[in-house]
Amino acid sequence: MNAKFHLSLDVNNLEQSIHFYSALLNAPATKLKPDYAKFDLESPPINLAMQPKTHCCLQGLSHMGLRVENAEEIQVIKKRLQDAGYSTRDENNTTCCYALQDKFWVSDPTGYRWEIYILKADSPVESDAVRQKCCA
């Protein structure tokens, strides 16, 4: 079975979110409606849906992420997002979730945080001071 991760997001601005996710995923939306967009992709294997909603606050989601194979992929995605006008923040050689990682962080137009990272090695500790300061 080829499982595919499905994620449905409520977003503040559908057009801005489509722009962000097109840059992040390097692909256009596969379905567009006035009140809905979907990215149904094989690489990465994801079915990402979004619809505009207004909330008083976001609840229950810390962040989302893409684990890639190597540092070059991180740089390609980072450049694509920066070229599309999004700010990124690097974290290299950081310990997070019992793993040593190189990564960068970016937020979509609604404020959902994404980490794009490579797994360098397992770690006996959950986090380091960098993560505690910036990601808590």
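Below or above, wherever it landed, is the structure these notes cover.

**A few points about the layout of surface pockets**
Next up, step 1: Empty space within the largest pocket amounts to approximately 290 Å³.
Next up, step 2: In terms of lining, the largest pocket is formed by 14 residues, of which the most central are Pro-44, Leu-66, Val-68, Glu-73 and Ile-77.
Next up, step 3: Going through the elements one at a time, α1 (14–25), β5 (64–67) and α2 (71–83) are the ones with two or more residues in the lining of the largest pocket.
Next up, step 4: The element best represented in the lining of the largest pocket is α2, accounting for four residues.
Next up, step 5: Taken together, the residues of the lining of the largest pocket break down into eight nonpolar, three polar and three charged.

**So, the packing of aromatic side chains**
Next up, step 1: Scanning the model with the defined rule gives three aromatic pairs in all.
Next up, step 2: Ring geometry for Phe-20 versus Tyr-21: centroids 4.8 Å apart, planes at 85°, classification edge-to-face. For the pair Phe-20 and Tyr-21, a shared accessibility class is recorded, and that class is buried.
Next up, step 3: Between Phe-20 and Tyr-86 the ring centres are 4.9 Å apart and the planes differ by 90°, which places this aromatic pair in the edge-to-face class. Of this pair, Phe-20 sits in helix α1 while Tyr-86 sits in the loop between α2 and β6 (89–96), and the two are 66 residues apart along the sequence.
Next up, step 4: The class for Phe-20 is buried, based on a relative accessible area of 0%.
Next up, step 5: The class of Tyr-86 is buried, set by a relative accessible area of 14%.

Cut-offs used in this document
Starting afresh in each chain, residues are numbered from 1 along the sequence in its written order. Local features in this predicted model are restricted to residues of pLDDT 70 or higher, and side-chain atom pairs are both shown and tallied only at a pLDDT of 80 or more, whereas totals for entire chains, interfaces and linings draw on every residue. Working from all heavy atoms in the structure, the side-chain values ignore hydrogens and water. A pocket, in this scheme, is an open set of points on a 1 Å grid over the protein atoms alone with protein on both sides within 12 Å along at least 5 of 7 lines, while a cavity is a set where a 1.4 Å probe fits but cannot get out; residues line either one if an atom lies within 4 Å of a point. Grid points are joined across faces, edges and corners, and a volume is the space filled by probe spheres set on the points. Counting from the N terminus, the helices are DSSP H or I runs at least four residues long and the strands are E runs at least two residues long. Three classes are used, and their members are as follows: Ala, Val, Leu, Ile, Met, Phe, Trp, Tyr, Cys and Pro are nonpolar, Asp, Glu, Lys and Arg are charged, and the others, Gly among them, are polar. Planes of paired rings set the category: under 30 degrees apart is stacked, over 60 is edge-to-face and the rest tilted, where pairs are Phe, Tyr or Trp rings (Trp by its six-membered ring) whose centres lie within 6.5 Å. Only protein chains enter the accessibility calculation, which uses a 1.4 Å probe; a residue whose area is less than 20% of its type maximum is buried, one above 50% is exposed, and one in between is partly exposed.

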